[in-house]
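# Structural characterization, general
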Amino acid sequence: MPSLFLVITLGLFTLLFKVASSAVKKRRYAAEAARRSCEPPPKLPNKGLFGLGRLSEASRANKEGRTPQWFIEKFNELGESVHTFRAAALDYELIVTRDPENARAIFSTRSADFEISPHRKDIWRPLLGDGIFTAQGQEWKHSRQFLRPQFSRDQVSDLELEEKHLQSLLSLDDFQTGHDGWTNQVDLAPLFLNFTLDVATDFLYGQSVNSQNTKRYMEGKQSILDPDSEFSYHLDAGKACLYTKGLLGRWNNLFPSTKLLRHCKAVHHLVDQLIAGRLSHPKNSQLEPHRFCLLDELAKTSQNPTELRNETLQILNAGRDTTGALLGWTFYFLARHEQVFRKLRETILGEFGDDFAREIKFQKLKSCAYLHNCINEVLRVAGVVPVNERVCLRDTTIPFGGGDEGKSPVYLHEGQRILIVNYAMQHRPDLWGEDVAEFRPERWEDRRVAFDFLPFGAGPRKCIGQQFALTETAYVIVRFLQRYDGIENMELRQGAPFHHYVFSNRSGTGVKVRLHKANQGVAAPMPGHTLV
């Protein structure tokens, strides 16, 4: 009985101490904000006990495929002119912004005051380890110096890797055409993810997992990836577990997952096999004089298998997911915008010709303006990476969002977390026009990229693989549109896109289309459709 009384007493004292400590902190924050002439942004009203209703709301929106739109709804719930707000859940408060000037401060002018959140490291570590996307401070600088030289212009401009795996992609039965030149219905989304996985593993480890080439395995030739291991499945399922943990913020470790451990083990096993295989059979400079392998270069600096796994796995995850999603969204929109498809194909044939075997030069690929306008518009409308986040390393401010009109600076205390909602920023009518929801690449003709468009981040932590991803995407688009002169949307679902959001964002309903092969028969328009 005395022991129970002691536990209750200690619990009450702990609670009182936390309440008192919180009150003292709030007074200090208010005094510091006043000293800096700052005002607080509006607060999103709490829902449910401890604000857990908002977390439940966010989780439900994700299941319904509308997480990016949900953020816009929360801004507009407070007012269409509100571009920064506070939101509380459990025992922490977030600042959420869609203001380009705040993004400029966070990523550029005051970037020294911000760092990625330690929660990102806690959440990602079980699956991806410690590497460039989760490291902080000196660890991040080490990772950046370790990896950045490998993404030089010479490596990005070598298109042989893309061509090799594109041929594997287009040789699949999915792309066989009938007498009228049309393919059957094909879902491009998983095929593009397999393609980018093969490119990424070939670039990183000097050998592909051949995820596209199931026929090769069935014929009895050895493939590195046993289909039963389902690497892509374990990678996706593992990240789905991490997303759920991420909703809980600092409390994520209170809910361990045996499923997550199983997925991590499967992913690590494959990557460790790839690394061990390459290190035991390094590149033969006579047989492969021009063959680049990132692992070979990294191994010159480190032979630590855990470090090599972590760094390469983080690059693999980004290289597969974001580029695969970008390719999927590109053809998702092309299938729904006939005029854009026609104009883009005319541009490509004018720049690169219709000879599918003709070599494509990197510089010409990079300088094709309308092609890159289309890619930028896909990145803007779809929001492949819809949210970014930072935490304050010290007391600081962002320039806008405070006060009734949102014109005053906002005080941020050390340790405060802030979300930069790229998707919401890229869908502001006052920045992009009243046709902001429309897919219209022409809007980029006279527009300079600024802090209202951050698909690869900005500042010191800008994605080192940006040019690799854009080059790979552009190359695939050119080759597809050289080969196919028609595309038809086959998805029956109408309305807004269904966003499958787990850290990056891809079409949750796939990319279901038919393609018409150029110079093969004359295809009649389908009922209710126009042949492009």
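Residues numbered from 1 in each chain as written. Predicted model: local features only at pLDDT ≥ 70, side-chain atom pairs only at ≥ 80, totals over all residues. Heavy atoms only, no water.

## Concerning the nonpolar core
Membership of the largest hydrophobic core comes to 101 residues, with the highest contact counts inside it found for Phe175, Phe331 and Phe480. Broken down by element, the residue count for this core peaks at 12 residues, all from helix α14 (residues 305–334). Discounting residues that sit within four places of it in the chain, phenylalanine 331 has contacts with Leu188, Phe192, Ile477, Phe480, Leu481, Ile487 and Val511. Of all hydrophobic cores here, the second largest spans 20 residues; its members include Phe75, Phe85, Val96 and Val421. (Core = buried A, V, L, I, M, F, W, Y, C linked by side-chain atoms within 4.5 Å. Buried < 20%, exposed > 50% of the residue type's maximum accessible area, 1.4 Å probe, protein only. Helix = DSSP H or I, 4+ residues; strand = E, 2+ residues; numbered from the N terminus. Contact = heavy atoms within 4.5 Å.)

## Let's talk about α14
If you check α14, its first and last C-alpha atoms are 43 Å apart, about what 30 residues at 1.5 Å a residue would give, namely 44 Å. When you tally the buried positions in α14, you get 24 out of 30 residues, the bulk of the element. Where α14 begins, one side-chain oxygen reaches toward the backbone nitrogen of threonine 306, 2.9 Å away; that side chain belongs to asparagine 304. (Expected span 1.5 Å × (residues − 1). Polar contact = N/O pair within 3.5 Å; in protein donor to acceptor, adjacent residues only side chain to side chain.)

## Points about the packing of aromatic side chains
Applying the stated criterion across every chain yields a total of 17 aromatic pairs. Taking the centre distance of 5.8 Å and the plane angle of 75° together, the rings of phenylalanine 175 and phenylalanine 480 count as edge-to-face. Here phenylalanine 175, found in the loop between α8 (160–170) and β4 (186–187), pairs with phenylalanine 480, found in helix α20 (residues 466–483); they are 305 residues apart in sequence, far enough to count as distant. Of the two residues examined, phenylalanine 175 and phenylalanine 480, each falls in the buried class. By way of ring pairs, the aromatic residues Phe175, Phe192, Phe331, Phe480 and Tyr484 are connected into one cluster. (Phe/Tyr/Trp six-rings, centres within 6.5 Å; stacked < 30°, edge-to-face > 60°.)

## Overview of the confidence of the model for the protein chain
Chain-level pLDDT for the protein chain is 86 on average; 86% of the residues reach the 70-or-more range. Below pLDDT 50 for its whole length, residues 215–229 participates in 18 contacts with residues either more than four positions away or in separate chains. (pLDDT = per-residue confidence, 0-100.)

## With respect to empty space enclosed by the protein
Taken as a whole, this structure holds 4 cavities of 30 Å³ or more when the rule is applied. The space that makes up the second largest cavity amounts to roughly 40 Å³. Lining the second largest cavity, in full, are Ala189, Leu193, Gly324, Ala325, Gly328, Trp329, Arg506, Ser507 and Val511. Contributions of two or more residues to the lining of the second largest cavity are made by α9 (188–205), α14 and β11 (504–507). Considering each element in turn, the lining of the second largest cavity owes the most residues, 4 residues, to α14. Within the lining of the second largest cavity, the residues separate by chemical class into 5 nonpolar, 3 polar and 1 charged. (1 Å grid on protein atoms, 1.4 Å probe; cavity = no way out; pocket = protein on both sides within 12 Å on 5 of 7 lines; lining within 4 Å. Points joined across faces, edges and corners; volume = space filled by probe spheres on them. Nonpolar A, V, L, I, M, F, W, Y, C, P; charged D, E, K, R; others polar.)

## Comments concerning the pairing of β11
Bridge analysis of strand β10 (residues 499–502) against β11 gives 4 bridges, and the strand direction is antiparallel. Across the sheet, the residue bridging to valine 502 is serine 504, located in β11. If you look at the hairpin formed by β10 and β11, you'll find 1 residue sitting between the two strands, and phenylalanine 503 has a positive phi there, around 75°. (Pairing = 2+ DSSP bridges.)

## Thoughts on the sheet that holds strand β1 (residues 84–89)
Note: strands within a sheet are paired through backbone hydrogen bonds, in either parallel or antiparallel orientation. Strands sit in the order β1-β2-β8-β5-β3 across an open sheet of 5 strands; the sheet is mixed. The open sheet is flanked by β1 and β3 (114–115), the only strands paired with a single partner.

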